[in-house]
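Examination of the molecular architecture
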Amino acid sequence: MATTGQPKYDLNLIWEDTMFNYSLKGMALAAVLLSGATTAIADVTLRGASMFDEDHAFTKTMREFERLVAEKYDGDVSFDLRLNGELGVESDYVTYLNQGVAVDYTILAPSNMAVFSESVPLMDMPFLFRDLEHWDAVLSSDAFAPLEADLREAAGIVIVGYHGGGVRNLVSAEPITNMQELADHRMRVMGAPIQAQTFDAVGAAPAAIAYNEVYNAIQTGVIAGFENEAASIQNLKFYEVAPHISLTQHTITVRPIVFSAKIFDALDADLQAAIMAAGKEAGAFGRALESGADGEILAEMEAAGQVVIHEFDGREQMLELVGPVQDAYAAELGATALLENVRGM
């Protein structure tokens, strides 16, 4: 299990405890008062990280987050956002956030946080959302409050907003156009068990490989493909080794904007409030940005001759096969009510 040594939480109980109020405003201020301090820390510098350049939707969203925090906070705050993987990859960011070092805020795939919280990848599991309207309705609600509470307790990571909107498809060295061609297809998946379980259920041969190793793994034949959204395929030039995109449209991404709880709790209450408000607004900005650009980027790569786009014959069969996997996963986590709530929205 990805969470060996970590306590398991019943999300149905967490739901009851968190739905009425899961805001963390005021906690840091109380800690400061109890310690005898009389003034908040001045000249705060918050440190961010992105694996991508300024043109990527993640980076643009974090820039908007920074702008909004500065606008909403009546105090001195500055930002140091490191780009292009200078501070490592997402799995490194998770460790830094947990420890309260090097990275204070970033955008993460839920699967990369599964090492601490086995429940949080539920928000990003394949075939969870019917369409973009359903996806946005869920992310604009408090449906994931129990997962947020679990993540904060288990990992020391605070979700302040929700980015996402990329549609993930199969990306491969050779065409994958139907269930027969998908059978035993050696593909990289993200680290959360639900990702491997889902693609195993539809007949593929999934393997969890570090994101920064995917390009070379395809190039050397260790794997034959992976799954991803258009922006990352373009930004990291995965089309050079995997030019075939199969429109399985199995996931609409959920990418939380996250903050280190250790850093967050040390900030004054007004800055905490500004971060939470800015995170929500920046998330809405980022979702509109990425969901709107996804099809355009695919078309750009196709027009440039970088990729060949294939329809996939068998998506309805995939849906039938993964339903029981989702049900079992939610039941194991004590999150059946949460899953049913999301499905019913």
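Not measured: the values here are computed from a predicted model.

Analysis parameters
Residues numbered from 1 in each chain as written. Predicted model: local features only at pLDDT ≥ 70, side-chain atom pairs only at ≥ 80, totals over all residues. Heavy atoms only, no water. Helix = DSSP H or I, 4+ residues; strand = E, 2+ residues; numbered from the N terminus. Contact = heavy atoms within 4.5 Å. Areas by Shrake-Rupley, 256 points an atom, 1.4 Å probe, with all protein chains shown as cover. Phe/Tyr/Trp six-rings, centres within 6.5 Å; stacked < 30°, edge-to-face > 60°. Buried < 20%, exposed > 50% of the residue type's maximum accessible area, 1.4 Å probe, protein only. Axes fitted to C-alpha atoms, helices over the stretch in contact; angles between N-to-C directions. Left-handed = near helix turned anticlockwise from the far one by under 90°. Nonpolar A, V, L, I, M, F, W, Y, C, P; charged D, E, K, R; others polar. Expected span 1.5 Å × (residues − 1). Arc of directions from axis to C-beta. Core = buried A, V, L, I, M, F, W, Y, C linked by side-chain atoms within 4.5 Å. Pairing = 2+ DSSP bridges. Right-handed = clockwise from strand over helix to strand, strands pointing away. Salt bridge = Lys/Arg side-chain N within 4 Å of Asp/Glu carboxyl O. pLDDT = per-residue confidence, 0-100.

Let's talk about the overall build of the protein
When helices and strands are tallied, the protein shows 14 helices and nine strands. Taking all contacts inside the protein whose residues are at least 6 apart in sequence as the whole, residues at least 24 apart take part in 78%. For the protein, the computed accessible surface area is about 14200 Å², with 51% contributed by carbon and sulfur atoms.

Comments concerning the packing of aromatic side chains
Under the criterion given, the structure shown has eight aromatic pairs. Residues F52 and F58 carry aromatic rings whose centres are separated by 5.6 Å and whose planes lie at 85 degrees to one another, so their mutual orientation is edge-to-face. For the pair shown, F52 and F58 are each scored as buried. Each residue in the set F65, F79, Y105, F259 and F264 is aromatic and connected to the rest through ring pairs, giving one cluster.

What about the packing of helix 3 (residues 57–72) against helix 12 (residues 269–303)?
Interhelical geometry of helix 3 versus helix 12 gives an angle of 145 degrees and a closest axis separation of 8 Å. Seen from above, helix 3 lies across helix 12 with right-handed handedness. Contact with helix 3, carried on its side by A57, F58, K60, T61, E64, F65, L68, V69 and K72, involves L271, A274, I275, A277, A278, G279, E281, A282, F285, G286, L289 and E290 of helix 12 and no other residues of that element. Classifying every residue of the contact of helix 3 with helix 12 by side-chain character gives 13 nonpolar, three polar and five charged.

Focus on helix 3
Its 16 residues place the ends of helix 3 22 Å apart at the C-alpha level, agreeing with the 22 Å of an ideal helix rising 1.5 Å per residue. Taken together, the buried positions of helix 3 are A57, F58, T59, T61, M62, E64, F65, E66, L68 and V69.

Notes on helix 14 (residues 336–344)
Looking only at helix 14, the buried set comprises L338, L339 and V342. Buried residues of helix 14 fall within an arc of 100 degrees about the axis and therefore sit on the same side. In this structure, helix 14 carries E340 and G344 as exposed residues pointing more than 90 degrees from its buried face.

Thoughts on the nonpolar core
Counting residues in hydrophobic clusters, the biggest one holds 89 residues, and the most contacted among them are F144, F259 and I275. In terms of residues, this core owes the most to one element, helix 12, which gives eight residues. In contact with I275, other than residues within four places in its own chain, are L46, F65, V69, V160, F259, F264 and L267. Counting 13 residues, the second-largest nonpolar core is a separate cluster that includes L170, V189, F312 and V322.

Focus: the pairing of strand 4 (residues 157–172)
Most of strand 4 is tucked away, with 16 of its 16 residues classed as buried. Relative to strand 8 (residues 244–260), strand 4 runs antiparallel, the two sharing 12 bridges. Bridge assignment links R168 to a residue of strand 8, and that residue is T251. Alignment of strand 4 against strand 7 (residues 225–228), held across four bridges, turns out to be antiparallel. If you follow N169 over to strand 7, its bridge partner there is N228.

Points about the pairing of strand 1 (residues 44–49)
The sheet contact formed by strand 1 and strand 2 (residues 77–82) spans six bridges and is parallel. For G48, the partnering residue across the bridge sits in strand 2 and is L81. One crossover worth recording links strand 1 to the parallel strand 2 by way of helix 3, and it is right-handed.

Quick look at the pattern of salt bridges
Tallied over the entire structure, the rule returns 14 salt bridges. With a closest N to O distance of 2.7 Å, R82 and E86 form a salt bridge. For R82, a relative accessible area of 30% corresponds to the partly exposed category. Two residues, R168 and E227, come together in a salt bridge whose shortest N-O distance is 2.8 Å. One end of the pair, R168, is in strand 4; the other, E227, is in strand 7, with 59 residues separating them in the sequence. You can call R168 buried: its relative accessible area is 4%.

Brief notes about the side chain of T106
Considering the arrangement of structural elements, one finds T106 in strand 3 (residues 105–107). For T106, the contacting residues outside a window of four places in its chain are A49, M62, Y93, L97, P256, I257 and V258.

Overview of the confidence of the model for the protein
Chain-level pLDDT for the protein is 89 on average; 88% of the residues reach the 70-or-more range. Segment residues 1–9 is flagged for pLDDT under 50; beyond a separation of four residues in sequence, or across chains, it makes 20 contacts in the model. Confidence drops under pLDDT 50 across residues 14–41; counting only partners more than four residues distant or on other chains, this segment forms 36 contacts.

Concerning the environment of P121
You can see P121 is positioned in the loop between strand 3 and helix 5 (132–139). Sequence-wise, P121 and M190 are 69 residues apart; in three dimensions their C-alpha atoms are separated by 9.9 Å. If sequence neighbours within four positions are ignored, P121 has contacts with P110, S111, A114, A192, I194 and Y329.

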